[in-house]
2 protein chains.
Amino acid sequence: MLDRERCSRVVIEAVTPEIDGGRFPIKRIIGDELVVEADIFADSHDVLSAVMLYRWEGDSKWTEVPMKFLVNDRWRGTFKVTKLGHYYYTITAWVDHFKSWQQALAKKFKAKQDVSVELLVGVQLISEASQRATASNSSVMGEWAKSLQARQTPQSAKVRLALSQKVARLMDKYSDRRFATKYHRELAVLVDRERARFSTWYEMFPRSCSTRDGVHGTFKDCEQRLPYIAAMGFDVLYFPPIHPIGHTNRKGKNNAPTAGSNEPGTPWAIGSEEGGHKAIYSKLGTVDDFRKLVTKAREYGIELALDIAFQCTPDHPYVKEHPEWFRWRPDNTIQYAENPPKKYQDIYPLNFDTDNWQELWKELKDVVLYWVKQGFHILRVDNPHTKPFQFWEWLIAEVKKDHLDVIFLAEAFTRPKVMYQLAKLGFSQSYTYFTWRNTSWEFTQYFTELTQTEVREYFRPNLWTNTPDILTEYLQTGGEPAFKVRLVLAATLGASYGIYGPTFELMENLPKEKGSEEYLNSEKYEIKHWNIDRPDSLKDFIAGVNSIRRENVALQSDLSLRFHPTDNEQLLCYSKHTVDHSNVILVIVNMDPKNKQAGWIELNLDGLGLEPDRPFEVQDLLNDVSYQWRGPRSYVELNPKKTPAHIFRVNRHIHQEQDLNAKIHKRI
Amino acid sequence: MLDRERCSRVVIEAVTPEIDGGRFPIKRIIGDELVVEADIFADSHDVLSAVMLYRWEGDSKWTEVPMKFLVNDRWRGTFKVTKLGHYYYTITAWVDHFKSWQQALAKKFKAKQDVSVELLVGVQLISEASQRATASNSSVMGEWAKSLQARQTPQSAKVRLALSQKVARLMDKYSDRRFATKYHRELAVLVDRERARFSTWYEMFPRSCSTRDGVHGTFKDCEQRLPYIAAMGFDVLYFPPIHPIGHTNRKGKNNAPTAGSNEPGTPWAIGSEEGGHKAIYSKLGTVDDFRKLVTKAREYGIELALDIAFQCTPDHPYVKEHPEWFRWRPDNTIQYAENPPKKYQDIYPLNFDTDNWQELWKELKDVVLYWVKQGFHILRVDNPHTKPFQFWEWLIAEVKKDHLDVIFLAEAFTRPKVMYQLAKLGFSQSYTYFTWRNTSWEFTQYFTELTQTEVREYFRPNLWTNTPDILTEYLQTGGEPAFKVRLVLAATLGASYGIYGPTFELMENLPKEKGSEEYLNSEKYEIKHWNIDRPDSLKDFIAGVNSIRRENVALQSDLSLRFHPTDNEQLLCYSKHTVDHSNVILVIVNMDPKNKQAGWIELNLDGLGLEPDRPFEVQDLLNDVSYQWRGPRSYVELNPKKTPAHIFRVNRHIHQEQDLNAKIHKRI
């Protein structure tokens, strides 16, 4: 048994946040205040001191902040993260003999006991501490020790000195930490830029952007589309893969097994004689065209996101150059992708376990870094769950070495624990099950798990209304109200969300066949020409919702999400608020796209920062109508034909002028 | 990046039970089945195999048991602990290429696809596995590989072979585990004997056992008391310290600061010229007397428990022999115990941090081992929370090296986290807050925490109705019903419980003063002579309850404890059951010792192993009256004057004969 161990009487445990015993970092955004708590206690009843230590990865020195005792042996410390990259934090705590002595002294003095021996103990403690102090502090402390011994000084004056602020401050500084307990782990927090938390995505096929019918769209055409996308309020524009498309076993219209000679194939079938993952498909333009597009987009406040889909067609250069990167079958053919009994002969998966894996992994890293250098600092990764976890952890760490601002979105639609694992390994954002959640109960369960459990520390949801692979039954059958409902849900439940357009704003809703979630005549297999100016387009509605998101900080984070009960299961009610409740948003959605629904909502007023007996105003930001409410219960009625949802801003303090001007509708 | 790491595609996490990342062992009793679960998953959709490994501390070889997939990537394995001491368990899991291949083969064959290439892959897998097999198995596998290649055999026969049980069994045995993931921790379970979980304690002052007034009781007198204690059904007899009592600053009657010359002092003031912690107080008898008592008690099925109270009077031999083991004050006096402003000048705490700590700790270990060798294999430790955690962890481990059956009870009444920590460090049982819990809400909260959270894995509650330090207000004011209520609660909420007698069965209820929990004329400071034959003694009631505990296995563990709602907060309703529901006990207590209380209870039938629509019988084991109930709701009425509680045995299957014979009272 070691001496040091024996003397470390303090236990530090149940530290939060801490993921899997510190195996993974938690995630935060620049400017966030990180709140750390721990159970800290020792035997007996001595007074403890505890500090949190933290440092940014680039710094060698730790910064120390005192932790505060809360209740029931729980302590808390906070610090602000101000740089991208990793910070580390840990805790040190010790039995503070001086504070313990002060506490006992105060009690005894209050009980009018003689404290002369106690004061001598204090002299010992101060003298010991002074030996750890700077010369000037040491001499100050020496004076105090003398005063506590001075015969002529009354005991009350000595006690006053012993318990004074100034003594406490210096004794704290030179506290005896020889036997301090250091928490046995250094925990990490990965700090990202704000867009990792708050982002508004628009997915679009560049090849469908030409204004001329039957013509393959180009990056130049995309430039023309930027004002349209910016006007709707999107800040991330995501393209499916922009690489050359293979021709062997190319899929035709509606995923037909063979393609006609003029059919373009799917962009996810990557690689042809033209090149592979580092090449740009010639029909889209040149690298220069592409660089211009990136620059132009930036002017509109739009950042481009690229699709990283690590798979190859039989025509990909890798197949010839590195046949060992693929899995071979006993009949000397390369193993194509399959999900028995389905076969995808146009796709060869890479064999991440190949004996030559080092070279393969390095090449894939080079691919990513190539595009990062081209200006893509947001990457949407296709099917990451079908590649080894270690690969992603390594790849993301490698990319972040020199590019701390790169955001990775995991497009993994798979089992929950696999999705969470990918987030732990480093993905900045993740696709979710949002698309398939439809009932109030489902939303409440799922989003409570995402935002109120440990998952919130590492998994940042990105909610999609639709994708080229997913046209849900709800959208197929619900008409315009269904599209509006899903948009409001995605945009207000998720600080990050996305739509796949223009199919979404144009309310495309025909499935390939009954029971299928595939689009009929899917853009995945053919070039489209969308009439984005169609009068029934939802573009203005979308612009409105996205503008509400920009103007209301509460909607830019998911951590404050709370659900409020309603007595009609077709009405979903939830809120988000800033920490100080200066911005509070209350959303009520009629999930039924066909019928008017009404009912009572029961607000958790405390969670909204509202007092039980004061009236408050809720202002519908979708139509600028305001209501004055009081107390937790309110009646709500929503007609999907007119407005399928309320997005209320809750105003705690009703100004007289506002009252006079606003149209106050008391629904009850 | 290591090759092995890269290839270990499987993640093993969220293992339960696991305390503080494996820092502490969980606890079980000989014969228990240990159920271990974990999240086990990999990328992609391959089939996994997982095994749990376990070994007893004395064995070098691991035993392997397959784990079963439950749902949502959760796996479970179990094993039975059959020896005292530590067992270790961990998990290994791997991507099972053969099982994955079988699954794909079955799907393809079912879809009527040609599987000739797949069968060749199977030949490869079997041939590889055969190289890991014994010669005889290898040749069997070689035959299979041949059959799968045989030209004349139809594909259907090959598929049948490939998916057969016999192939599965051998391929499982020689599965390719080169890239298996081993869980990075070996977790421990500490196995105790049954009494650590199920014990019935009686605390008694030996010095009060003489039948002659004014005479100091002896171990011989205690022998005479054994039949009385055994008849009440207790199996642990616990004595306060039996060592010489100091005389300096000895406390008098009712804790008076000075004692008269004939006053005996408190047994917890340990040490005089006669000796210290290894000595027996001469007035109690000799070591031989004591050994005889231990032997005699064993004949009655009673085990003796000793009090380990590491503190000294000023007269303790340690003070002269080892002055450095105490804390010295600047005025050259030894620091006595205090809790400012209270002073305990008759007690010198040991300084566990003394520079000479190694010698002190060793001496204290010798004290414990000395008594263990005298036959005390149950030790009740006084105030362990005022000594360093490390000391206890070390001491308990040292004692258990050669004495795995020793049970340590922690008498720590302090903050919850400190109490839990002591249990984690190795104490087998712990005092609880039971004594101060009075309302239904308090019981439900506290015992749910103790039995339904992680706490249950390491903290074994021992509930006390009273102690020499605690006579609760409830007992002071509630009369006989209060004593019965507290006994029933302690004996049925806790598989281990204790009373301090004969004060308890004789219903002593006078406090030292109003508002105090101290007994008036407390036995701590004087010798008592109890008339244990008083006709109002509760000894028969206690004997009845303890007999119910012995005959109903459900009451011998706490893990199945469940509370059932009632509509009267004075009625507390809870149940315990065996895993197979062969023994189900339902307790309903009227917490109000003054008034009749009635109300409806709402049983969780499923938890009781009952079907919703079948009648069942509840048989009150306290008075042998039976009722026939059906459905979750029943009406209950309890008159504290007659019977303050029901202890029902629930009989699922009502036999016709029983029906006829039993007095069926339908309360509704």
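Residues numbered from 1 in each chain as written. Chains lettered and ligands numbered in written order. Predicted model: local features only at pLDDT ≥ 70, side-chain atom pairs only at ≥ 80, totals over all residues. Heavy atoms only, no water.

Some points on the overall build of chain A
Stage number 1. On a plain count of helices and strands, chain A comes out with 16 helices and 30 strands.
Stage number 2. Each of the three principal axes of chain A carries a C-alpha extent, and together these read 105 × 70 × 45 Å.
Stage number 3. Taken over 668 residues, chain A has a buried fraction of 59%.
Stage number 4. Of the contacts made within chain A by residues no fewer than 6 positions apart, 76% connect residues no fewer than 24 positions apart.
Stage number 5. By element, 50% of the accessible surface of chain A is carried by carbon and sulfur atoms, the whole surface being about 28000 Å².
Stage number 6. In chain A, which carries 88 positive and 88 negative side-chain charges, the distance between the mean positions of the two groups comes to 5 Å. (Helix = DSSP H or I, 4+ residues; strand = E, 2+ residues; numbered from the N terminus. Buried < 20%, exposed > 50% of the residue type's maximum accessible area, 1.4 Å probe, protein only. Contact = heavy atoms within 4.5 Å. Areas by Shrake-Rupley, 256 points an atom, 1.4 Å probe, with all protein chains shown as cover. Lys, Arg positive; Asp, Glu negative; His and termini not counted. Charge placed at Lys NZ, Arg CZ, Asp CG, Glu CD.)

Some remarks on the interface of chain A and chain B
Stage number 1. Contacts between the two partners involve 55 residues from chain A and, on the opposite side, 55 residues from chain B.
Stage number 2. Summing the contributions of chain A and of chain B, the shared interface buries around 4900 Å²; its carbon and sulfur component is 54%.
Stage number 3. Summed over the shared surface of chain A and chain B, the result is 10 salt bridges.
Stage number 4. Glu 338 of chain A serves as the salt-bridge partner of Lys 108 of chain B, at 2.8 Å between the closest nitrogen and oxygen.
Stage number 5. Our count for the contact surface shared by chain A and chain B stands at 22 residue pairs in polar contact (both at pLDDT 80 or more).
Stage number 6. Mapped onto the side of chain A that touches chain B, the elements with two or more residues apiece are helix H1 (3–7), strand S1 (10–16), strand S3 (33–42), helix H2 (97–110), helix H3 (116–130), helix H10 (357–373), helix H11 (389–402) and helix H12 (416–425) of chain A.
Stage number 7. Of the residues belonging to the side of chain A that touches chain B, the class tally is 20 nonpolar, 12 polar and 23 charged. (Buried area = accessible area lost by both parts, 1.4 Å probe. Salt bridge = Lys/Arg side-chain N within 4 Å of Asp/Glu carboxyl O. Polar contact = N/O pair within 3.5 Å; in protein donor to acceptor, adjacent residues only side chain to side chain. Nonpolar A, V, L, I, M, F, W, Y, C, P; charged D, E, K, R; others polar.)

Considerations on the packing of aromatic side chains
Stage number 1. For the structure shown, the criterion picks out 96 aromatic pairs over all chains.
Stage number 2. Where Phe 79 of chain B meets Tyr 87 of chain B, the ring centres are 6.1 Å apart and the plane angle is 40°; that geometry is what we call tilted. For the pair shown, Phe 79 of chain B and Tyr 87 of chain B are each scored as buried.
Stage number 3. An aromatic cluster is present here, built from Phe 310, Phe 352, Trp 357, Trp 361, Phe 391, Trp 392, Trp 394, Phe 408 and Phe 427 of chain A joined pairwise through their rings.
Stage number 4. Sitting above the plane of the Phe 541 of chain B ring, Lys 484 of chain B keeps its charged end 5.0 Å from the centroid.
Stage number 5. Lying over the aromatic face of Tyr 474 of chain B, Arg 486 of chain B brings its terminal NZ or CZ to 5.7 Å of the ring centre. (Phe/Tyr/Trp six-rings, centres within 6.5 Å; stacked < 30°, edge-to-face > 60°. Lys NZ or Arg CZ within 6 Å of the ring centre and 35° of its normal.)

Some details on helix H14 (residues 473–493) of chain B
All names here are of chain B.
Stage number 1. Spanning 21 residues, H14 covers only 20 Å between terminal C-alpha atoms, well under the ideal 30 Å at 1.5 Å per step.
Stage number 2. The largest bend in H14 comes to about 135°, at Gly 479, with the proline Pro 481 one to four residues further on.
Stage number 3. Of all 21 residues making up H14, 17 are buried, and the element is well covered by its neighbours. (Expected span 1.5 Å × (residues − 1). Bend = angle between axes of the 7 residues up to and from the residue.)

Description of the sheet that holds S3 of chain A
Stage number 1. With antiparallel pairing, the four strands of this open sheet are ordered in space as S1-S3-S7-S6 (chain A). Edge positions in the sheet fall to S1 and strand S6 (68–71) of chain A, since each has one partner strand and no second. Pairs of neighbouring strands in the sheet enclose a mean axial angle of 35°, with direction left out of account.
Stage number 2. Bridge analysis of S3 of chain A against strand S7 (residues 74–80) of chain A gives seven bridges, and the strand direction is antiparallel. What sits directly across from Val 35 of chain A, in S7 of chain A, is Thr 78 of chain A.
Stage number 3. Contacting S1, S3 and S7 of chain A, helix H12 (residues 416–425) of chain B runs over the sheet at an angle of about 65° to S3 of chain A. (Pairing = 2+ DSSP bridges. Axes fitted to C-alpha atoms, helices over the stretch in contact; angles between N-to-C directions.)

Here we look at the pattern of salt bridges
Side-chain pairs of opposite charge can arise whenever the charged atoms involved come near each other.
Stage number 1. Scanning all chains against the criterion turns up 94 salt bridges over all chains.
Stage number 2. A salt bridge links Asp 382 of chain A to Arg 380 of chain A; its shortest N-O distance comes to 2.8 Å.
Stage number 3. By relative accessible area, Arg 380 of chain A is classed as buried at 4%.
Stage number 4. A salt bridge links Glu 37 of chain B to Arg 76 of chain B; the nearest nitrogen and oxygen atoms lie 2.6 Å apart.

Brief notes about unusual backbone geometry
Stage number 1. Backbone torsion omega between Pro 340 of chain A and Pro 341 of chain A reads 5°, so that peptide bond is classified as cis.
Stage number 2. As for its position among the elements, Pro 341 of chain A is in the loop between strand S15 (337–339) and strand S16 (342–344).
Stage number 3. Residues other than glycine seldom take positive phi values, yet Asp 624 of chain A does so here, at roughly 60°.
Stage number 4. Located in the positive-phi region is Asn 72 of chain B, a residue other than glycine, with phi close to 50°.
Stage number 5. Tracing the backbone shows Asn 72 of chain B in the loop between strand S6 (68–69) and strand S7 (74–80).

Quick word on the relation of the copies chain A and chain B
Stage number 1. Rotating chain A by 180° and moving it 0.0 Å along the rotation axis overlays it on chain B with an RMSD of 0.1 Å. In the structure described here, the two chain copies are related by an operation that fits a two-fold rotation axis. The rotation axis passes nearest to the C-alpha of Gly 21 of chain A in chain A, at a distance of 3.3 Å.
Stage number 2. A share of 100% of interface residues in chain A that are also interface residues in chain B marks the association as one of identical surfaces. (Least-squares fit on C-alpha atoms with pLDDT ≥ 70 in both.)

Observations regarding the sheet that holds strand S3 (residues 33–41) of chain B
Stage number 1. Taken together, four strands build an open sheet; the order of strands is S1-S3-S7-S6 (chain B) and the sheet is antiparallel. Looking at the sheet topology across the chains shown, the edges are occupied by strand S1 (11–16) and S6 of chain B.
Stage number 2. Pairing between S1 of chain B and S3 of chain B: four bridges, direction antiparallel. Within S3 of chain B, the position partnered with Glu 13 of chain B by the bridge is Asp 39 of chain B.
Stage number 3. Across the sheet, H12 of chain A is in contact with S1, S3 and S7 of chain B; its angle to S3 of chain B comes to roughly 65°.

Read these as geometric descriptors, not functional statements.
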